[in-house]
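Residues per chain, in single letters:
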Amino acid sequence: MKKADLLDKFIPVFFLMIIFCFSAVNFAELIKGAEPEGRRKGLEKLEYMQDTAINAWGALQKVMGKRVAFGSTVYEDVTLLDNGMATLADKYGDISAGIAGVSEAYDFASGMGAEFLYVGAPAKAYTDDDLPEGVISYANAKYFGMIDAVSERDIPYISMRDILDESGNDWYSYFYITDHHWRNSAAFMAFDAISGYMDSIGLDGGYDDEILNPGSYDKIIYDNVFLGTHGRMTGRFYTGLDDYELWIPMFDTDYTLDILSEDIHREGSFEDCFVNYENLDGYSFDYYAYYAYLGRDYDRIQITNNLNPDGPKVVIVKDSMAVPVTVFLAGRCSYIDMIDLRYLQGGDSAKEWIAEDEPDLIIYLFGTGYLGAESAMDLR
């Protein structure tokens, strides 16, 4: 074996031994802390050591020129595209759960007399050629396969890949450097596309056109506050940090938000109900800037627009790609029920919730990652 190969293997092992030693020492201190305050400080110290170790581990892999880096989770490594942006290679190509879930939801909506729309959020890597040599990802194949499937079944759909591609802007300007999620500029374009579909089927409900004008929103830039999904697996020195652009309406808003499972109730403006500023207070491994809107994913979020009682009632079944889209879409609806089947509690029935809502429109909005997961797609 070449000396360079031996060194390549020795450095990571040596580094992991150091991480283990530091973690063991701090864990021992945590166990010794008899008082609650001592335990809390011990946990904070342990978390700091963990975050520092991930940053250092990622920095080492960066110095070694690794385009594919072993992340801090056992199930996915972090891949750097040709342009240096980070992504996760999707290793699972099955979309049967997505096809079955959307088909069943479409039939369920039709049986209720509601409209239905599938919105496909695209994969980050524009082509597989943008991936390092030898890395296989099924993300694009899953995206196109799902669009083809709903098209063949005459299920109404929006291909956001087509819309972003036709904008004339750089493809990667719509995605975060350290994360697979789209930026708020792309989420707003998804809102605009959904709004256009709603108009085309007569679900206008009376709304002010200013909500569709990007110029009607104040855009506040927060520098270096975003350590995305991939960044949290390999640290800031491997992926870098993202800026975050927060969009706030400059027109009047008045909402009510309820998350019944968490006993959360909010009333007031867009900011009062939707914006979690703590997620933008410097980069963190714990607070995720992508969720500056709504805080995180929940099983169910109910939003009432008090300024548009005659607007349509919409149910959105979703993954995380729908979070920023939904807060924009709330402006032209009377009511939105946002349901994430991944977090459904035992005994809860999304079908019962939707039936009680009596919606005008049911939307399925998903990225590629969960198209093969029954837990995310099966409307139960």
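We now turn to the structure provided with this report. All figures in this text were calculated on a predicted structure; none of them were measured in a lab. (Residues numbered from 1 in each chain as written. Predicted model: local features only at pLDDT ≥ 70, side-chain atom pairs only at ≥ 80, totals over all residues. Heavy atoms only, no water.)

Turning next to the nonpolar core. Judged by nonpolar contacts, the single largest core of 73 residues is most densely connected at Trp182, Ile194, Tyr244, Phe274, Tyr293 and Ile363. Ranked by the residues each element gives to this core, the list is headed by helix 6 (residues 184-200), at nine residues. (Core = buried A, V, L, I, M, F, W, Y, C linked by side-chain atoms within 4.5 Å. Buried < 20%, exposed > 50% of the residue type's maximum accessible area, 1.4 Å probe, protein only. Helix = DSSP H or I, 4+ residues; strand = E, 2+ residues; numbered from the N terminus.)

Turning our eyes to something else, we now look at the sheet that holds strand 11 (residues 313-318). Paired through backbone hydrogen bonds, the strands of a sheet run either parallel or antiparallel to each other. Strand order across the open sheet formed by eight strands is 5-4-13-11-12-10-8-9, with mixed pairing between neighbours. The open sheet has two edge strands, strand 5 (157-159) and strand 9 (264-268), and neither has a second partner. The mean angle between the axes of side-by-side strands here comes to 15°, regardless of whether they run parallel or antiparallel. In the sheet, strand 4 (residues 115-120) pairs with strand 13 (residues 361-366) via six bridges, with the strands oriented parallel. Among the inter-strand pairings, Leu117 is bridged to a residue of strand 13, identified as Ile363. Each of strand 4 and strand 13 touches helix 3 (residues 96-112); the most contacted strand, strand 4, lies at about 155° to it. Most of the contacts of helix 6 go to strand 4, to which it runs at about 155°, and overall it touches strand 4, strand 5, strand 11 and strand 13. (Pairing = 2+ DSSP bridges. Axes fitted to C-alpha atoms, helices over the stretch in contact; angles between N-to-C directions. Contact = heavy atoms within 4.5 Å.)

Moving on, we come to the side chain of Thr229. Tracing the backbone shows Thr229 in helix 7 (residues 229-234). Setting aside residues up to four positions removed in sequence, Thr229 forms contacts with Leu88, Thr178, Asp179, His180, His181 and Tyr288.

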